[in-house]
Amino acid sequence: MVIPAIRTLLNGVQNRHLDAEEKAEIASLAASIPDRLATMEAVKAIEAEACAAACDRMRERYPHFGQQHELAWPKAFRDAALVLRINCQGMLLGDLGYQDRKANLLTRDINRAVGISPAFSREFWSALRDAIRERLDDDNYHRLAPYLEANIEVIAGTDGLGGTQ
Amino acid sequence: MKDESQPWPMWSKPRPAEDLGLTTSGVLAMLAKPDAEWLDAEEQLLLTDYASSMPARLAAIEEVEGVCREVCKAVVAEQREQYQQFDSHHDHAWSKAYRDLDLMIAMMLKSMLINDVRYLDEEVLYWFRTILRSFDFTPQFNIDYYTRLRSQFEQRLSPEAFKLMLPFLDRTIEVMGDFPEPATPRV
């Protein structure tokens, strides 16, 4: 089993043995795996409920969204679940860049292409974060929180064109 | 029948690392599923098993590093006894042999840590074998050298640490001794 963060660390160690600090970092990474898996399982248990709650909140705020896009809310639910799973994968790997590569940037670009505004995205991913926070205990939530925040920052990034809604 | 597509003798391919049961494609491959499906119980078990083996692996590293200097000295001394002309063929022959052995051990330790023999192949064994071949080392010289290393570790390490190291020591012997005899051996 190769944990990418450990492999990356090893790649930086050239022509020498590992030093004490590097060994401690590896030990810590490995020791955190059970907790990370536990968080993943906790999220899995609330995935459907949290994604549905986020969609419900957005449906109240944007009642016309369903008319502007085909299967708007089922697709929103599906995307929330997919991004959430990728968040969990990134958390398991301890790699914030993973979710950008696998989900955030792609989702942002697709949303722009179909005319979804950054403001809408920000609210949607914030709603998902809040729904997760309400349903997870503190330890699990804090482990996942940086990834949920990154969803908001990247998918709702305002460095490009905004959509209509 | 001679294979016309191979005008020069090729060395045999070592057993694929996957056949040794000592490599996995890693957690990234495990996560690469349609719809980012959740890890199942078996996959989680693989991951936790590996994570829980880490203290033993790190302890083995400490043990190996504790005896590394003595081991390298002993291996070089034994090899020197057998190959008395070696340093007349190469500059600083034995000091380089000592240095390379220490670096090889460091790479074995890294590979053992991630339990991936492919890492050892790719990071050191294949290219290092090519270099030694270009200096007209013989396969037997390498086999003797790394077999001595294995034997020294067997004598000086705890059974637990040696067991973790053994596949990587064996792999080193296998790959480093797997090339054609040079036309003019210089060992």
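Each residue is numbered by its place in its chain's sequence as written, counting from 1. Note on labels: chains are lettered from A, ligands numbered from 1, in written order. Where totals are concerned, whole chains, interfaces and linings use all residues; where local detail is concerned, this predicted model gives features only for residues with pLDDT of at least 70, and gives and counts side-chain atom pairs only at 80 or more. Side-chain numbers come from the whole structure's heavy atoms, not from hydrogens or water.

Q: I'd like a description of the overall build of chain A, backed by residues and values.
A: Scanning chain A from terminus to terminus reveals 8 helices and 0 strands. Labels follow the DSSP assignment, with helices taken as runs of H or I lasting at least four residues and strands as runs of E lasting at least two, numbered in each case from the N terminus. Along chain A, helices and strands appear, N-terminal first, in the series α-α-α-α-α-α-α-α. Dimensions of chain A, computed from C-alpha atoms along their principal axes, come out at roughly 60 × 35 × 20 Å. Using a 1.4 Å probe on the protein chains alone, a residue whose accessible area is under 20% of its type maximum counts as buried, one over 50% counts as exposed, and one in between counts as partly exposed. The buried share among the 165 residues of chain A stands at 50%. Roughly 7800 Å² of accessible area belongs to chain A as shown, and the carbon and sulfur atoms make up 52% of that amount. Positive charges are assigned to Lys and Arg, negative charges to Asp and Glu, while His and the chain termini are left out of the count. Note that the charge is assigned to NZ on lysines, CZ on arginines, CG on aspartates and CD on glutamates. Positive and negative side-chain charges in chain A, numbering 20 and 24 respectively, have mean positions lying 4 Å apart. In these tables, accessible area is a Shrake-Rupley quantity obtained with a 1.4 Å probe, and a residue counts as shielded only by the protein chains included in the view.

Q: Would you mind going over a nonpolar patch on the surface in detail, with residue names and values included?
A: Only residues whose relative accessible area exceeds 30% and that take part in no salt bridge are eligible for patches, with like-charged residues grouped when within 9 Å of each other and nonpolar side chains (Val, Leu, Ile, Met, Phe, Trp, Tyr) grouped when within 5 Å. Each reported salt bridge corresponds to a side-chain nitrogen of Lys or Arg within 4 Å of a carboxyl oxygen of Asp or Glu. Among the surface-exposed residues, L106, I110 and V114 of chain A lie close enough to one another that they form a single nonpolar patch of about 280 Å² accessible area. As for its placement among the helices and strands, L106 of chain A is situated in helix α6 (residues 96–113).

Q: Please provide a residue-by-residue account of the interface of chain A and chain B, values included.
A: Across the boundary between the two partners, chain A contributes 32 residues, which contact 34 residues of chain B. Reported buried area values correspond to the accessible surface (1.4 Å probe) lost by two parts on association, with both partners' losses combined. Of the roughly 3200 Å² buried where chain A meets chain B, counting both sides, 70% is carbon and sulfur surface. Viewed at the interface, chain B and chain A are joined by 2 salt bridges. With a shortest N-O distance of 2.6 Å, E65 of chain B and K23 of chain A are connected by a salt bridge. Here a polar contact means two N or O atoms within 3.5 Å. Within protein one must be a hydrogen donor candidate and the other an acceptor candidate, and residues neighboring in sequence count only if both atoms are side-chain atoms. Inspection of the region where chain A meets chain B yields 11 residue pairs in polar contact (both at pLDDT 80 or more). The set of elements that each furnish at least two residues to the side of chain A that touches chain B consists of α1 (4–11), α2 (20–31), α3 (33–61) and α5 (72–93) of chain A. Within the side of chain A that touches chain B, the residues separate by chemical class into 21 nonpolar, 4 polar and 7 charged. Two residues qualify as a contact provided that any one of their heavy atoms is within 4.5 Å of a heavy atom in the partner residue. Nonpolar residues are Ala, Val, Leu, Ile, Met, Phe, Trp, Tyr, Cys and Pro. Charged residues are Asp, Glu, Lys and Arg, and all others, Gly as well, are polar.

Q: Go over the packing of helix α2 (residues 41–82) of chain B against helix α4 (residues 93–113) of chain B, please, and point to the residues and values.
A: Residues and elements named next belong to chain B. Axis definition: a line fitted to C-alpha atoms, over the contacting stretch in the case of helices. Angles run 0 to 180 degrees between N-to-C directions. Two elements in contact, α2 and α4, have axes separated by 9 Å at closest approach and are oriented at 165 degrees. Here α4 runs roughly antiparallel to α2, going by the angle between their axes. As α2 packs across α4, the resulting crossing turns out to be right-handed. Counted by class, the contact of α2 with α4 contains 18 nonpolar, 1 polar and 6 charged residues. Each angle receives one of four descriptions, namely roughly parallel if under 35 degrees, roughly antiparallel if over 145, roughly perpendicular if within 65 to 115, and oblique otherwise. Here is the rule for handedness: rotate from the far helix to the near one, and if that takes an anticlockwise turn smaller than a right angle the crossing is left-handed, while a clockwise turn gives right-handed.

Q: Can you break down the packing of α3 of chain A against helix α7 (residues 118–135) of chain A residue by residue, with the values?
A: Residues and elements named next belong to chain A. At a minimum axis separation of 8 Å, α3 and α7 run at an interaxial angle of 140 degrees. Judged on the interaxial angle alone, α7 and α3 are oblique. Handedness of the α3/α7 crossing: right-handed. Contact with α3, carried on its side by I46, E49, A50, C51, A53, A54, C55, R57, M58 and R61, involves F120, E123, F124, A127, L128, D130, A131, I132 and R135 of α7 and no other residues of that element. The residue makeup of the contact of α3 with α7, split by class, is 13 nonpolar, no polar and 6 charged.

Q: Before we move on, can you summarise the packing of aromatic side chains with the specific residues and values?
A: Aromatic pairs are defined between Phe, Tyr and Trp rings, using the six-membered ring for Trp, whenever the two ring centres lie within 6.5 Å; interplanar angles under 30 degrees are classed as stacked, those over 60 as edge-to-face, and all others as tilted. Across all of its chains, the model carries 14 aromatic pairs over all chains by this definition. Ring pairs connect the aromatic residues Y83, F86, W94, F137, F141, Y145 and Y146 of chain B, which therefore count as one cluster.

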